[in-house]
Amino acid sequence: YYPETASISYTSLTRFPPVKLLPPSTRKRILVTGGAGFVGSHLVDRLMLLGHEVTVLDNFFTGSKTSLSHWVGHPNFEMVRHDVVEPFMIECDQIYHLACPASPTHYQFNAVKTIKTSFIGTLNMLGLAKRTKARFLISSTSEVYGDPEVHPQHEDYWGHVNPIGPRACYDEGKRVAETLTYGFHRQDGVDVRVARIFNTYGRPMNPNDGRVVSNFIIQALRGEDLTVYGDGKQTRSFQYIHDLIDGLIVLMNSNETRPCNIGNSDEFTIGEFAELIRDVVERVQQEDGVKPVGRVQILYNKPMPTDDPQKRRPDTSRAKESLQWQSRWTVRMGLEEMVRYYKAKMAEGSL
Ligand code: NAD
Ligand code: UDP
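Going by the annotation in an unreviewed UniProt entry, the name recorded for the protein chain is UDP-glucuronate decarboxylase, with Coniophora puteana given as the source organism. In the Pathway (unreviewed entry) part of its UniProt record, the protein chain is described as follows: "Nucleotide-sugar biosynthesis; UDP-alpha-D-xylose biosynthesis; UDP-alpha-D-xylose from UDP-alpha-D-glucuronate: step 1/1." Regarding the protein chain, the relevant UniProt record gives this comment under Catalytic activity (unreviewed entry): "UDP-alpha-D-glucuronate + H(+) = UDP-alpha-D-xylose + CO2".

**Quick look at the site of ligand 2**
Around ligand 2, 13 residues are found, and the nearest of them are Arg211, Val212, Asn215, Tyr229 and Gln234. A per-class count over the shell around ligand 2 returns six nonpolar, four polar and three charged.

**What to know about the site of ligand 1**
Near ligand 1 there are 30 residues, and of these Gly34, Gly37, Val39, Thr62 and Gly63 occur at the shortest range. Elements represented by at least two residues in the shell around ligand 1 include exactly helix 1 (38-49), strand 2 (53-58), helix 3 (111-132) and strand 5 (135-141). Among the elements that line the shell around ligand 1, the one with the most residues is helix 1, at three residues. A class-by-class count of the residues in the shell around ligand 1 yields 14 nonpolar, 14 polar and two charged.

**Quick look at the UniProt feature "domain: NAD(P)-binding" (unreviewed entry) in the protein chain**
As annotated in UniProt, the feature "domain: NAD(P)-binding" (unreviewed entry) corresponds to residues 31-338 in the numbering used here. As annotated, residues 31-338 comprises 37% helix and 18% strand, and the C-alpha atoms at either end are separated by 28 Å.

**Some thoughts on the packing of helix 3 against helix 4 (residues 168-188)**
For the pair helix 3 and helix 4, the least separation of the axes is 9 Å and the interaxial angle reads 15°. As far as their axial angle goes, helix 4 and helix 3 are roughly parallel. Judged by the sense of rotation from one axis to the other, the crossing of helix 3 with helix 4 is right-handed. Contact residues: Ala111, Thr114, Ile115, Ser118, Phe119, Thr122, Leu123, Leu126 and Lys130 in helix 3; Cys169, Tyr170, Gly173, Lys174, Val176, Ala177, Leu180, Thr181, Phe184 and Asp188 in helix 4. Looking at the contact of helix 3 with helix 4 residue by residue, the classes come out as eleven nonpolar, five polar and three charged.

Calculation notes
- Residues numbered from 1 in each chain as written.
- Chains lettered and ligands numbered in written order.
- Predicted model: local features only at pLDDT ≥ 70, side-chain atom pairs only at ≥ 80, totals over all residues.
- UniProt positions renumbered as here; feature names shortened; annotations may be inferred.
- Near = placed C-beta within 6 Å.
- Nonpolar A, V, L, I, M, F, W, Y, C, P; charged D, E, K, R; others polar.
- Helix = DSSP H or I, 4+ residues; strand = E, 2+ residues; numbered from the N terminus.
- Axes fitted to C-alpha atoms, helices over the stretch in contact; angles between N-to-C directions.
- Parallel < 35°, antiparallel > 145°, perpendicular 65-115°, else oblique.
- Left-handed = near helix turned anticlockwise from the far one by under 90°.
- Contact = placed C-beta atoms within 7 Å.

Written as structure tokens, this is what we have:
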């Protein structure tokens with residue numbers, strides 16, 4: 001008995017969100033690369049709440065330590081600053097390999113680094129999966145379909161990607177990452193899962209990453225005009241983050257080794273989407289009793305980024321049949337939550 005320890009509180013676990021107590025036989029050791037990013041931090045929250053042991057690897061290029069600070073000190077949680085371009089060794093049962101910047105602004109900031117992250121980073125993590133016999137899930141993307149000639153996009157479509165354009169570092173990086181994944185699967189028997197993720201939004205999406213959801217909401221909240229690139233006829237389908245996290249976890253724990261689209265199949269032209277966001281922001285402001293100072297305008301024909309895909313909508317029949325997964329959040333529901341989140345950030349002065 002050491003009297004000096006008498007004052008230490010052993011109930012400090014109560015300061016964490018309530019974590020399920022799993023028996024060791026069902027508790028998994030899970031590695032999440034890119035776990036400090038937008039998708040990763042939601043995934044880590046969910047895995048922690050489910051009672052698993054989670055290790056996060058992140059170089060904090062676009063992710064932030066604060067996104068997971070509420071878990072620091074929990075015995076089931078560990079966060080390591082590490083760049084996946086370097087090998088890493090750890091014993092684990094499952095790997096969610098998410099590390100890679102996702103917004104055009106960030107992945108084009110250093111195109112060569114983006115390709116290295118996708119290629120060498122994925123090679124390293126697949127090597128780890130092979131050695132530890134961990135199940136490996138990669139977060140691939142709808143960008144593997146490029147500017148598609150087939151609509152909606154089914155997993156059997158091979159895509160239409162410009163291999164030398166400004167988006168290629170990301171698109172081709174993910175394509176080669178998928179090739180590596182199936183190479184390790186066929187050659188070495190690595191147990192793999194491939195999620196092709198379509199445009200996803202939600203809190204705490206980086207407000208400066210230039211993506212359409214954050215741009216439009218912030219513009220509308222500030223009373224600025226909404227900037228539509230080109231004629232606004234290009235389409236996208238937007239899924240809310242909680243649906244994506246459900247999809248990733250179901251896919252990881254399924255027997256589906258083929259690529260799987262995870263997305264919301266409601267498709268909008270960007271012009272329609274601008275109107276929808278303006279409408280949602282106006283409604284939220286009205287509910288909060290904010291007096292309108294005039295309607296924000298939608299400005300068309302702002303310079304169109306090179307190789308911007310013209311159409312995008314997932315065919316999600318495989319996810320429905322094989323995983324019994326489908327999106328549950330309507331775009332309007334998700335946008336309302338997003339608007340309230342950014343509004344609160346603005347009110348506290350952090351945006
Ligand atoms: P994000 O930029 O918020 O997160 C990426 C995370 O990876 C960040 O924490 C970043 O610091 C980390 N990272 C980047 N390079 C790294 C490296 N070399 N080593 C270690 N860590 C590194 O992006 P996100 O939206 O959370 O996307 C996560 C994954 O999902 C990415 O693989 C992305 O390609 C994929 N994805 C996202 C979307 C979307 O709409 N958000 C759509 C399709 C695919
Ligand atoms: N976009 C736009 N205005 C903006 C930001 C984006 O019109 O302020 C368009 C962009 O050209 C693209 C679509 O919205 O056609 C989605 O862009 P985002 O960068 O969010 O995603 P991605 O192009 O990677 O699908």
